[in-house]
Amino acid sequence: MSGTVTVKNVTLGEGVPKICVSLIGATLTELKEEAEALKALAPDVVEWRSDFFAGVDNIEAVTEILEMIQAILPDLPLIFTFRSAREGGERQIATEDYIRLNKAAAASGFVDIIDVELFNEEADVQALIAAAHDCGVFVIVSNHDFQGTPSEEEIVSRLRKAQELGGDLPKIAVMPCSAADVLTLLAATNRMQELYADRPIITMSMAGEGVISRLAGEIFGSALTFGAAHKPSAPGQVAVAELRKVLELLHRSL
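Residues numbered from 1 in each chain as written. Predicted model: local features only at pLDDT ≥ 70, side-chain atom pairs only at ≥ 80, totals over all residues. Heavy atoms only, no water.

By the naming in an unreviewed UniProt entry, the protein goes by 3-dehydroquinate dehydratase and is assigned to Paenibacillus borealis. The UniProt entry for the protein carries the following text under Subunit (unreviewed entry): "Homodimer." (UniProt positions renumbered as here; feature names shortened; annotations may be inferred.)

Caption draft 1: Representation of the overall build of the protein within the structure. For the protein, the helix and strand inventory stands at nine helices and 11 strands. A compact globule built from 254 residues should have a C-alpha radius of gyration of about 18 Å, and the protein, at 17 Å, falls within 12% of that. Taking the principal axes of its C-alpha atoms as reference, the protein extends roughly 45 × 40 × 30 Å. The buried share among the 254 residues of the protein stands at 54%. Taking the contacts inside the protein whose residues are at least 6 apart along the sequence as the reference set, 73% of them involve residues at least 24 apart. About 10400 Å² of surface is accessible on the protein, with carbon and sulfur atoms providing 52% of the total. Positive and negative side-chain charges in the protein, numbering 21 and 37 respectively, have mean positions lying 2 Å apart. (Helix = DSSP H or I, 4+ residues; strand = E, 2+ residues; numbered from the N terminus. Rg over C-alpha atoms; globule rule 2.2 N^0.38 Å. Buried < 20%, exposed > 50% of the residue type's maximum accessible area, 1.4 Å probe, protein only. Contact = heavy atoms within 4.5 Å. Areas by Shrake-Rupley, 256 points an atom, 1.4 Å probe, with all protein chains shown as cover. Lys, Arg positive; Asp, Glu negative; His and termini not counted. Charge placed at Lys NZ, Arg CZ, Asp CG, Glu CD.)

Caption draft 2: Local environment of the sheet that holds strand β8 (residues 169–174). With parallel pairing, nine strands are arranged side by side in an open sheet as β9-β8-β7-β6-β5-β4-β3-β10-β11. The open sheet has two free edges, formed respectively by β9 (202–205) and β11 (238–239), since each of these has just one partner strand. Along the sheet face, helix α1 (residues 28–41) touches β3 (18–23) and β4 (45–49) and points at about 160° away from the line of β3. Along the sheet face, helix α3 (residues 95–107) touches β5 (78–81) and β6 (113–117) and points at about 165° away from the line of β6. (Pairing = 2+ DSSP bridges. Axes fitted to C-alpha atoms, helices over the stretch in contact; angles between N-to-C directions.)

Caption draft 3: Fine view of the packing of helix α5 (residues 152–164) against helix α6 (residues 179–195). Contact geometry for α5 and α6: axes closest at 9 Å, N-to-C directions at 45°. If you check the angle between α5 and α6, you find them oblique. In this structure, the crossing between α5 and α6 has a hand that is right-handed. In this structure, α5 uses E152, E153, I155, V156, L159, R160 and Q163 to contact α6, whose residues at the interface are T184, L185, A187, A188, R191 and M192. (Parallel < 35°, antiparallel > 145°, perpendicular 65-115°, else oblique. Left-handed = near helix turned anticlockwise from the far one by under 90°.)

Caption draft 4: Here's a closer look at the pattern of salt bridges. Inspection of every chain in the model, using the stated rule, returns 13 salt bridges. Across the salt bridge formed by R86 and E117, the nearest N and O atoms sit 3.8 Å from each other. Of this pair, R86 sits in the loop between β5 and α3 while E117 sits in strand β6, placing them 31 residues apart in sequence. According to the relative accessible area criterion, R86 is partly exposed, its value standing at 47%. Looking at E117, the relative accessible area reads 1%, which means it is buried. (Salt bridge = Lys/Arg side-chain N within 4 Å of Asp/Glu carboxyl O.)

Caption draft 5: Structural detail: the packing of aromatic side chains. In the structure shown here, the tally under the stated rule is two aromatic pairs. Sitting over the face of the ring of Y196, R160 holds its NZ or CZ atom 3.8 Å from the ring centroid. (Phe/Tyr/Trp six-rings, centres within 6.5 Å; stacked < 30°, edge-to-face > 60°. Lys NZ or Arg CZ within 6 Å of the ring centre and 35° of its normal.)

Caption draft 6: Quick look at empty space enclosed by the protein. Taken as a whole and judged by the stated rule, the model has one cavity of 30 Å³ or more. Considered as a void within the structure, the largest cavity measures approximately 40 Å³ in volume. Every residue lining the largest cavity is listed: P17, T203, M204, S213, R214, G217, S222, L224 and T225. Of all elements in the fold, only β9, α7 (211–215) and β10 (224–228) reach the threshold of two or more residues within the lining of the largest cavity. Looking at side-chain class alone, the lining of the largest cavity contains three nonpolar, five polar and one charged residues. (1 Å grid on protein atoms, 1.4 Å probe; cavity = no way out; pocket = protein on both sides within 12 Å on 5 of 7 lines; lining within 4 Å. Points joined across faces, edges and corners; volume = space filled by probe spheres on them. Nonpolar A, V, L, I, M, F, W, Y, C, P; charged D, E, K, R; others polar.)

Printed below as a string of structure tokens:
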């Protein structure tokens, strides 16, 4: 049922799930080295996890980093993400600073997608989506539950809410406590994709138990998966080369 979203030359929502790798350096030098290394790995999408960056409070420094990443990886769609501590990120941030940071990133001309957390005030989420769209930037509306795996109904509800608010790419990541939790995430993904989604969705079950969810997106309905370059940005990420082999194997089997 879900549609597609095309960013640069990458179409999400059709064929093999696309691979995204996150840049997590604390300094400009570290981020430059990571970006250069991605040339050899050739992911489909790159994400800058700005909450790892020591200078994230400085908008000028943030813009400089974005420009640098864009210059090194000009053909890859770039996601700008500040992941808050409450959702597994490196630091907390005041609401007004979160809004200002994301609006500045969207307006910079160097990013293609921003990630906005669903569990902000609804008006703030809508304002950020509108600001990004005004700049021609897509929006992931995301939720990350590191405490456990909600019910299938709740997962679908959160994804539907992200879609209803205008997110171009609804996303949820949950923490499994059992194999049954992984099945819950996969069932919710399939239900959302078949019954409600009119755009690509991104879902994953984290940690070792959830690895299958990072591999089987094409079967159940998740359009993007996150791979690791050197250091993973979230628990359960698989190295890019291995991830690509499995995704292609599954694709050929369908």
